[in-house]
Amino acid sequence: DYLENAISGFDGNVDFLKNSLNNKKGVVGKYVNNKVLEYVVQDGEVLTGTFGANDKISIADGATVTLNNVTVNGVNRDDYNWAGITCLGDCEIVLAENSKNTVKGFYEDNPGIYVPVGNTLTISGTGSLDASSNGYGAGIGGGWGISCGSIVISGGTIVVRGGGFLAGGGGG
């Protein structure tokens, strides 16, 4: 069909890709070790829907992406050793109007949203974001023993919760 012809070069799972296009607009994923679906969200894309145990979400360097009623349900297991969302460089998250977004980190040492040292995350828009760790990381920033880059909040309603002895936002 048209979709399969359009993605003939895609090396992942066609059924997953069809589901992504229907339920997680703007996201194309690939399997990692036949278990984890890794998404790198690109500039201008909109992320929507619910992501869970097998979903690893990153934002491309230089990208501005929109979260529109996104839920990332991190699972605290050591084989899911990543943040709820990882910035791969400088990026911006726009919270869509009236949207409610929740991002929870995965393995306990990681943050809800990871901003590596030397990078900047800007959060804007008019929606809301609740970001938290699943144990000992920051809500936005770094994790247990993990430093972070810069965080700029220029809009939205933001709630961040750190785990253990960490602050809601910042490094560990």
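The model shown is predicted, which means the values in this text are computed figures rather than measured ones.

Side note on the overall build of the protein
- Looking only at helices and strands, the protein features two helices and 15 strands.
- Within the protein, the proportion of its 172 residues that are buried is 44%.
- In the protein, 63% of the contacts between residues at least 6 apart in sequence involve partners at least 24 apart.
- Summing over all exposed atoms, the protein offers an accessible surface of approximately 7,900 Å²; the carbon and sulfur share of this is 45%.

Considering unusual backbone geometry
- Residues other than glycine seldom take positive phi values, yet N69 does so here, at roughly 60°.
- By the element assignment, N69 lies in strand β5 (residues 64–72).
- The class for N69 is partly exposed, based on a relative accessible area of 40%.

What to know about the confidence of the model for the protein
- Looking at the protein as a whole, its pLDDT mean stands at 77, while 69% of the residues score no less than 70.
- The model gives residues 1–28 a pLDDT under 50, and that stretch makes 38 contacts with residues more than four places away or in other chains.

Here's the deal with the environment of I158
- Assignment of secondary structure puts I158 in strand β14 (residues 157–161).
- Take I158: its relative accessible area is 23%, and that puts it in the partly exposed class.
- Through-space distance from the C-alpha of I158 to that of S124 is 9.9 Å; in sequence the pair is 34 residues apart.
- When neighbours within four sequence positions are excluded, I158 is seen to be in contact with L95, I123, L129, I140 and I153.

Details of the nonpolar core
- One finds I57, I93, I113, L121, L129 and I140 to be the most contacted residues of the largest nonpolar core, which totals 28 residues.
- Contributions of two or more residues to this core are made by β2 (36–41), β3 (46–51), β4 (55–59), β5, β6 (85–87), β7 (91–95), β10 (120–125) and β11 (128–132).
- The greatest single-element share of this core, amounting to four residues, is contributed by β5.
- Residues within four places of L129 in sequence aside, it is in contact with L95, N101, V103, I113, I123, I140, T157, I158 and V159.

Here's the deal with the pairing of β11
- Across five bridges, the pairing between strand β8 (residues 100–104) and β11 is parallel. Bridge pairing in β11 places K104 opposite S132.
- As defined by bridge partners, β11 adjoins β14 across five bridges and the pair is classed as parallel. Bridge pairing links S132 to R161 in β14.

Considering the side chain of T48
- If you trace the backbone, T48 turns up in strand β3.
- Only 2.7 Å separates the side chain of T48 from the backbone oxygen of N68, close enough to count as a polar contact.

Scoring rules and cut-offs
- Residues numbered from 1 in each chain as written.
- Predicted model: local features only at pLDDT ≥ 70, side-chain atom pairs only at ≥ 80, totals over all residues.
- Heavy atoms only, no water.
- Helix = DSSP H or I, 4+ residues; strand = E, 2+ residues; numbered from the N terminus.
- Buried < 20%, exposed > 50% of the residue type's maximum accessible area, 1.4 Å probe, protein only.
- Contact = heavy atoms within 4.5 Å.
- Areas by Shrake-Rupley, 256 points an atom, 1.4 Å probe, with all protein chains shown as cover.
- pLDDT = per-residue confidence, 0-100.
- Core = buried A, V, L, I, M, F, W, Y, C linked by side-chain atoms within 4.5 Å.
- Pairing = 2+ DSSP bridges.
- Polar contact = N/O pair within 3.5 Å; in protein donor to acceptor, adjacent residues only side chain to side chain.

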